[in-house]
Amino acid sequence: MNTETVCLDVCQPIEDVEEVLNWKKPVVCWASLVRKLERRTDFCCHTYPVCSVNNKPNFQKAETVPKTLVCHDMKGGYLADRWVNGTDNTEEYKFLLWSCIDIFVYFSHKLVTIPPLCWINAGHIHGVKVLGTIITEGPNGCSFWNDLATNEIKLYGFADQLAAICDHYGFDGYLINIENSMSYQVMESFVSFLEHLIKNLKTISPDKTIIWYDAVTFPFGKLLWQNKLNIFNKKFFDICDGIFLNYGWSEEDLIETVKECGSRKTDAYVGVDVFGRGVFGGGGFTTCQAMDVIRKHGLSAAIFAPGWVHENCEPDETADNRDFMFWELLTEYLYCYGPARIPFKTSFCRGFGHKKYKEGRVVMDQPWFNLSEMNHMPGLLSGIHQIEESSCFVYYQNDAYEGGGCLLVKPPERASVGKHCDRLFVCDFYVPYAEKIHIKVASKPLFTDSDPATLYDLILSMVDHEDCDNHSEKSLMRKVCLPVISNIRPEDSPNKWILSDFIFEVGCAHIVSIDCRLISDKTPVLIGYFSISTEDTEPSEIGDMPINGSHSPDGYCSTMKIANVLCDSKKNSA
């Protein structure tokens, strides 16, 4: 009887070909904990770096806009993120702007990089594909393919096993990174291997993805980075789902790339090394210069090693601050997507915290870090509490309803309170005719005085079902205004989470945006939980959220509201 590897506690790569060829599906494995890839909207809108009353969504179809790939390369990979049950170090590298990227690649210099569980789950909950890496390099890589090319059974068996590994661990494909020369004859065998791997993956699922890294050329197998799409790498572009172009490009190279792409322009991912190794603009905080030129030509981008913000952090800086500044400079070049399935719920937990909370109470009084516990993040760049920035949404980790943190909504600095809306989510929540929507929100006001105040509204924008293919026509939108907290005094809710419930009908419609409008110019508000469902799709709740305040546990109270506030955009402009 064959014995299978047991791997429940740790995620790890595969380092040699025999280990791949002998791989068997483990009986016990962390793969059983992988989330399925969630659906996300098939439309998107530009994100934005600064709050403004004019930040209204301008929806575009996903297939018409360039894509963004982020390639993780953090000190060789498999640091504390390899542990299935997480760690107590909250300073580990994390990525938060999931709503604005399309593909996440976990990279290492091992033969087969299997993405750790936490990264697969964080990507999948946001509808982002997570790829592993297949890499060979230098003389060893040359010998590797020479050996496989002489044994067709091993060559195709290697492809079969790679597809089976991808299927078992629940990730979405591979970046193929061949950085070694090959002979003409070996290149012929390699292309057959690649086509066989792609066929196997597409048989598992048409959504499995292979991206080719621009290094070795066809047909002569020279290790010669092209930095553009041309006749020497187009063979790989034609048989793969996309190409990751090397970093040493010029604008003239991008012009040539556009000509070669034909109708597949957004499948060319132009590489940008954040460490600045020979890249346009110099990388780092000037990565935006490269992004500006890439988007000028309508091409997709591959941002390599954004962990630079961590690795180059000075003693007087914080990695969170640097990360926020880095992505703030890129937001105008990104496109925001969102959830597209009801029921939907989130506590805005980022997958770590100084403490852990459940239903507003501390259940673990020590630091923790596990990105598998990340909830859906807002569809925009959010600031970090105690870091000076311009966003009205700020991640807050000194309190939570569930998990390790929540959102702090603060008065806008550049727009009038009461007129300003900030977008929580771009979404596509289909509500059938005669179905009632059920929305639950957990909030906590941070009072600065004793005056009662209407603190904030949630605003739902929607289009009728028959108009759902025309999201850009904002005139067709209707809006529902939900007064989440109104006329609350400090003595009514002293440091308590307020649980608000709304039940209402919208007809047959698609909810396409959920916005937050802060009314008070003095009182910031914490949002610790949001869920939306219909009668037939009630979410499995994080905990029972009682309607009657008299039955609420200590630490929070609740309100019940039947929303009957359906209005059109002219009557209730957000």
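That block above? That's the structure.
Note that the coordinates shown come from a computational prediction; the quantities given were computed from them, not determined experimentally.

S.K.: Where do I start with the sheet that holds strand β15 (residues 356-358) in this structure?
M.R.: Working definition: the strands of a sheet are paired by backbone hydrogen bonds and lie parallel or antiparallel to each other. Reading across from one edge, β16-β15-β20 is the order of the 3 strands in this open sheet, with antiparallel pairing throughout. Of all strands in the sheet, those with a lone pairing partner are β16 (361-364) and β20 (402-403), marking the two edges.

S.K.: Where do I start with the sheet that holds strand β1 (residues 43-46) in this structure?
M.R.: Taking strand neighbours across the sheet as the criterion, the 3 strands line up as β2-β1-β12 in an open arrangement whose pairing is antiparallel. Whereas interior strands pair on both sides, the edge strands pair on one side only; in this sheet they are β2 (60-61) and β12 (335-336). Relative to β2, β1 is paired through 2 bridges, and the arrangement is antiparallel. Residue Cys44 lies in a different strand from β2, and its bridge partner there is Gln60.

S.K.: Just checking my understanding: could you explain the nonpolar core for this structure?
M.R.: One broad rule of soluble globular proteins: the nonpolar side chains tend to lie buried together. One finds Trp145, Tyr174 and Phe190 to be the most contacted residues of the largest nonpolar core, which totals 143 residues. Broken down by element, the residue count for this core peaks at 9 residues, all from helix α5 (residues 184-204). In terms of nonpolar packing, the next biggest core, distinct from the first, is built from 18 residues, Leu131, Tyr213, Tyr247 and Ala302 among them.

S.K.: What should I look at first to understand the packing of helix α4 (residues 152-169) against α5 in this one?
M.R.: For any two helices packed against each other, one specifies the crossing angle of their axes together with the interaxial distance. At a minimum axis separation of 9 Å, α4 and α5 run at an interaxial angle of 30°. Between α4 and α5, the angle is such that the two are roughly parallel. In the packing of α4 onto α5, the handedness of the crossing is right-handed. Two secondary-structure elements touch here, α4 through Leu155, Tyr156, Phe158, Ala159, Asp160, Leu162, Ala163, Cys166 and Asp167 and α5 through Ser189, Ser192, Phe193, His196, Leu197, Asn200, Leu201 and Ile204.

S.K.: Would you mind going over α5 with me for this structure?
M.R.: Since the α-helix packs 3.6 residues into each turn, any two residues three or four apart lie on the same face. Here α5 contains 21 residues, and its C-alpha end-to-end distance of 31 Å stays within 8% of the 30 Å for a straight helix at 1.5 Å per residue. Within α5, the full set of buried residues consists of Val186, Met187, Ser189, Phe190, Val191, Phe193, Leu194, Leu197, Ile198, Asn200 and Leu201. Check the buried side of α5 and you find it contacts β6 (129-137), α3 (138-149), α4, β7 (173-179), β8 (209-213) and α6 (234-239).

S.K.: Honestly, the pattern of salt bridges in this entry has me stumped. Any pointers?
M.R.: Close approach of charged atoms lets side chains of opposite charge pair. Scanning the model with the defined rule gives 20 salt bridges in all. Here Asp267 and Arg264 are joined by a salt bridge, their closest N and O atoms 2.9 Å apart. The salt bridge partner of Asp273 is Arg277, with a shortest N-O separation of 2.5 Å. A relative accessible area of 3% places Asp273 in the buried class. One network of salt bridges, in which partners are shared, links Lys67, Arg264 and Asp267.

S.K.: So what exactly am I meant to see when it comes to helix α7 (residues 251-261) here?
M.R.: Burial in α7 covers these residues: Asp253, Leu254, Thr257 and Cys261. Buried residues of α7, seen end-on, are gathered within an arc of 95° and therefore sit on one face of the element. Exposed and oriented more than 90 degrees from the buried face of α7 are Glu252 and Lys259. Turning to α7, the residues buried within the fold contact α6, β9 (242-245), β10 (268-273) and α8 (287-296). In the segment just after α7, Gly262 is the residue with positive phi, at about 65°.

S.K.: Looking at this model, I keep getting lost on the environment of Asn140. Mind explaining?
M.R.: When you line up the elements, Asn140 lands in helix α3. For Asn140, a relative accessible area of 66% corresponds to the exposed category. Remark: the alpha-carbon pair of Asn140 and Asn180, spanning 40 residues in sequence, is separated by 8.3 Å.

S.K.: Could you clarify how one ought to interpret a nonpolar patch on the surface in this entry?
M.R.: On the surface, Leu8, Val27, Val28 and Leu33 cluster together into a nonpolar patch covering about 340 Å² of accessible area. Along the chain, Val27 turns up in the loop between α1 (17-21) and β1. Classification of Val27 by relative accessible area gives exposed; the value is 65%.

Rules used throughout
- Residues numbered from 1 in each chain as written.
- Predicted model: local features only at pLDDT ≥ 70, side-chain atom pairs only at ≥ 80, totals over all residues.
- Heavy atoms only, no water.
- Pairing = 2+ DSSP bridges.
- Helix = DSSP H or I, 4+ residues; strand = E, 2+ residues; numbered from the N terminus.
- Core = buried A, V, L, I, M, F, W, Y, C linked by side-chain atoms within 4.5 Å.
- Buried < 20%, exposed > 50% of the residue type's maximum accessible area, 1.4 Å probe, protein only.
- Axes fitted to C-alpha atoms, helices over the stretch in contact; angles between N-to-C directions.
- Parallel < 35°, antiparallel > 145°, perpendicular 65-115°, else oblique.
- Left-handed = near helix turned anticlockwise from the far one by under 90°.
- Contact = heavy atoms within 4.5 Å.
- Expected span 1.5 Å × (residues − 1).
- Salt bridge = Lys/Arg side-chain N within 4 Å of Asp/Glu carboxyl O.
- Arc of directions from axis to C-beta.
- Patch = residues over 30% accessible without salt bridge, like charges linked within 9 Å, V, L, I, M, F, W, Y side chains within 5 Å.
- Areas by Shrake-Rupley, 256 points an atom, 1.4 Å probe, with all protein chains shown as cover.

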